[in-house]
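# Observations on the three-dimensional arrangement
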Amino acid sequence: MQLHFSDSIRFLSKLTFAKVWNIGLVTSSYYYSRLIGRPVQWGLPFTVSIEPTTACNLRCPECPSGLRQFTRSTGSLKADFFSSILDDIGDQLTYLIFYFQGEPYINPDFLSMVKHASDKGIYTITSTNGHFLDDVNAKRTVESGLDRLIISVDGATQDVYEQYRKTGNLESVLQGARNVVQWKKELKSHSPLIIFQCLVVRPNEDQLERIRTIANEIGVDQVVFKTAQVYDYQNGHPLIPLNEKYARYKKQKDGTYALKHRLLNHCWKLWHSCVVTWNGLVVPCCFDKDAKHQLGDLKNVSFLNIWNGPRYQIFREKLFAGRNQIDICTNCTEGCLVWRKK
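Residues numbered from 1 in each chain as written. Predicted model: local features only at pLDDT ≥ 70, side-chain atom pairs only at ≥ 80, totals over all residues. Heavy atoms only, no water.

## Looking at the pattern of salt bridges
Operational definition: Criterion for a salt bridge: a side-chain nitrogen of Lys or Arg within 4 Å of a carboxyl oxygen of Asp or Glu. Each helix is a run of DSSP H or I of at least 4 residues and each strand a run of E of at least 2, with the numbering of both proceeding from the N terminus.
All told, the structure shown has eleven salt bridges when counted by the stated rule. The salt bridge partner of Asp-154 is Arg-165, with a shortest N-O separation of 2.5 Å. In this pair, Asp-154 sits in the loop between β4 (148–152) and α7 (158–164) while Arg-165 sits in the loop between α7 and α8 (170–186), placing the two residues eleven residues apart along the sequence. Note that Arg-178 is salt-bridged to Glu-171, the shortest N-O span being 2.9 Å.

Take a look at the structure:
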């Protein structure tokens, strides 16, 4: 991934010996596990995603939050519970991603939690649909110390944008980005790094350069084109791009579709990262959107005991036995981001 110089300096300034040592432990245990063919885990995850809320204002068609189709409990992360989680895992944490499902800005305590993490020297990231970046929130976002702000922009015109971002308003999103850019200038801040992320689907695949032009005009730092996950892809889907460069799926000779990349029986995510839901459930990764594979509950057990506990170890062993036997892995293709610097 390409980063701006000031962003790289900001990230490096937050590293400590303990964090670097932990990264080394995690990385070495991952490659050692691959070498011997069984899971060995050293260190703690240096990337954690924490879910501010499951609520969302949009109705995106391939999102359980947008479709209101969760079977797990829904709600919003409480600030005091977040503080206890950070006390548990914060010292060796390098990246904290304030996102899993839902729209983070709907949680009224969201930016206060960002500031709390930032004050502890943790590099902070969030992803938003951009509809809540009014002037007040834009200023608070910059003041919070947020390091990276990812804004979903899935079209260059309203008619195309709303084909995926159902009930969304493109101009509101673009104005929100302008607000953050303006407050960065007003407050003389290098952060957050502002990224336009475009989920490439068939309706918008002809507008990618226009999206990049809009980003340049606003003063956005970076543009990212991301492949879209489609649940029922085997027989084709109107969201799958015609340009296979931007698709996770490839058309077969018999007319059906399959993942472009072969599933390998190991996964870097299970060594360096994890996801925590709004109510403290620890799940393997962002593909477990409905928290079917619960590895522990932070309301009852410390993170260290969960990370090194039997449920996690059994799940890692399943990876080595065959990822194609794990439901959340069958639609996963690591490395499916196409990063574009403006």
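## Quick look at the packing of helix α4 (residues 79–89) against helix α5 (residues 110–119)
To be explicit about the condition: Axes here refer to lines fitted to C-alpha atoms; in helices the fit is confined to the stretch in contact. Angles between the N-to-C directions go from 0 to 180 degrees. Oblique is the label for every angle not falling under 35 degrees (roughly parallel), over 145 degrees (roughly antiparallel), or within 65 to 115 degrees (roughly perpendicular). Whether a crossing is left-handed or right-handed is set by the direction in which the near helix is turned from the far one by less than a right angle, anticlockwise for left-handed and clockwise for right-handed. Every residue pair with non-hydrogen atoms within 4.5 Å of one another is taken to be in contact. Each residue gets one label: Ala, Val, Leu, Ile, Met, Phe, Trp, Tyr, Cys and Pro are nonpolar, Asp, Glu, Lys and Arg are charged, and the others, such as Gly, are polar.
Contact geometry for α4 and α5: axes closest at 10 Å, N-to-C directions at 20°. By the angle class used here, α4 and α5 are roughly parallel. When the axes of α4 and α5 are compared, the crossing they make is right-handed. Contacts between α4 and α5 pair Ala-79, Phe-82, Ser-83 and Leu-86 from the former with Met-113, His-116 and Ala-117 from the latter. Considering only residue class, the contact of α4 with α5 consists of five nonpolar, two polar and no charged.

## So, helix α6 (residues 135–144)
Put simply, the test is: Each residue is assigned to one of three classes by its accessible area relative to the maximum for its type, calculated with a 1.4 Å probe on protein chains only: buried under 20%, partly exposed between the two thresholds, exposed over 50%. Starting at the helix axis, one direction is taken to each C-beta atom, and the arc is that of these directions.
Of the residues making up α6, those classed as buried are Asn-137, Ala-138, Thr-141, Val-142 and Ser-144. Looking straight down α6, one finds its buried side chains confined to an arc of 160°; they lie on one side. The first or second residue beyond α6 is Gly-145, which carries a positive phi of 90°.

## Points about the nonpolar core
So the rule is basically this: What is meant by a nonpolar core is a set of buried Ala, Val, Leu, Ile, Met, Phe, Trp, Tyr and Cys residues, joined one to another through side-chain atoms within 4.5 Å.
Judged by nonpolar contacts, the single largest core of 89 residues is most densely connected at Phe-82, Leu-96, Ile-151 and Phe-196. Tallying contributions element by element places α8 first for this core, with seven residues. Excluding residues that lie within four positions of it along the chain, Ile-151 makes contacts with Thr-128, Gly-130, Leu-133, Val-173, Ala-177, Ile-194, Ile-195, Phe-196 and Gln-197. Tyr-123, Ile-125, Ile-150 and Leu-193 belong to the second-largest nonpolar core, a separate cluster that totals eight residues.

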